Amino acid sequence: MGEEEAKKVEEKAPTTKEESPKDVADEKSVIPISDQKDSDLKPSPVDESKAIVPITPPTDPVPEKKASGGSIDRDIVLAKVEEDKKLALVGAWEDNEKSKAENKACKKLSDVDSWEASKKASIESELRAMEEKLEKKKAEYAEKMKNKVAEVHKLAQEKRAMIEAQKGEELLKAEECAAKFRATGHVPTKCFGCF
């Protein structure tokens with residue numbers, strides 16, 4: 001029982017730490033800036049030698065663990081390597097899935113674009129066909145109208161010719177009647193017309 005108490009006392013002794021003089025010096029030299037006000041940061045115009053300058057402690061490199069446990073450290077390292085391997089595989093899988101999704105979306109967008117282009121082309125060709133059909137009908141209708149105009153003009157010319165012919169006949173009759181009345185010496189009873 002006495003040995004157990006001695007071991008307990010020995011185990012408790014190493015747990016208490018003493019601060020090294022270097023740590024105490026570092027703590028004293030560092031003055032936090034965030035607690036100071038703006039007016040405290042401005043140096044006094046009279047004495048610049050007492051200005052407070054913040055000092056950042058140098059960063060010490062992280063000490064490497066020495067292999068003291070042998071197989072325990074090796075197991076830890078192997079577990080870390082295995083975990084890194086899993087994380088790398090998960091990251092690669094994630095990148096692969098993302099690229100698959102992007103490629104799939106790009107393909108679908110390309111399909112939509114080509115579908116849109118083909119539909120636009122078919123609609124435009126349909127429109128051109130309708131326009132050509134309408135132009136053809138318009139040309140046929142214009143031709144019909146021109147033919148009607150020509151026919152009306154022809155009929156008008158014929159009517160004018162008939163009227164001119166009737167006028168010529170009436171003038172000829174009037175001249176013949178006038179010559180007859182002159183020859184006989186009779187006066188016509190009607191002013192106009194010798195029928």
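Bear in mind the structure is a predicted one, so any value in this text is a computation, not a measurement. Counting of residues starts from 1 at the beginning of each chain's written sequence and follows it residue by residue. Totals for whole chains, interfaces and linings use all residues, but because this is a predicted model, local features are given only for residues with pLDDT of at least 70 and pairs of side-chain atoms are given and counted only at 80 or more. Excluded from the side-chain calculations are hydrogens and water; all other atoms, namely the structure's heavy atoms, are used.

Caption draft 1: Examining the overall build of the protein more closely. A helix here means a DSSP run of H or I that spans at least four residues, while a strand means a run of E at least two residues long, and both kinds are numbered starting from the N terminus. Check the secondary structure of the protein and you find four helices and zero strands. Reading the secondary structure of the protein in the N-to-C direction produces α-α-α-α. Going through the 195 residues of the protein one by one, you find that 1% of them count as buried. Burial classification: accessible surface area is computed with a 1.4 Å probe over protein chains only, and a residue below 20% of its type maximum counts as buried, one above 50% as exposed, and the rest as partly exposed.

Caption draft 2: Structural detail: the confidence of the model for the protein. Per-residue pLDDT for the protein averages 77, and the proportion of residues at 70 or more is 61%. Across the protein, helix α4 (residues 71–184) holds the top mean pLDDT of 95, while helix α2 (residues 21–29) sits lowest at 46. How sure the predictor is of each residue is captured by pLDDT, a score from 0 to 100. Whether two residues are in contact is decided by their heavy atoms, any of which lying within 4.5 Å being enough. Across residues 9–30, confidence stays below pLDDT 50; counting only partners more than four residues off in sequence or on other chains, it has four contacts. Within the model, the stretch residues 34–39 combines pLDDT values under 50 with three contacts to residues more than four positions away or in other chains.

Caption draft 3: Highlighting the pattern of salt bridges. By convention in these notes, a salt bridge is any Lys or Arg side-chain nitrogen within 4 Å of a carboxyl oxygen on Asp or Glu. Throughout the structure, instances matching the rule amount to four salt bridges. The salt bridge involving D84 is made with K80; its shortest N-O contact spans 3.7 Å. Placement of the pair is D84 and K80 together in helix α4, with a separation of four residues, close to one helical turn. With a closest N to O distance of 3.3 Å, K98 and E94 form a salt bridge. Of this pair, K98 and E94 both sit in helix α4, four residues apart, which is roughly one turn of that helix.

Caption draft 4: A look at α4. The end-to-end C-alpha distance of α4 is 166 Å, a good match for the 170 Å that 114 residues give at a rise of 1.5 Å each. The first or second residue beyond α4 is G185, which carries a positive phi of 85°. Working rule for helices: expected span equals 1.5 Å times residues minus one.

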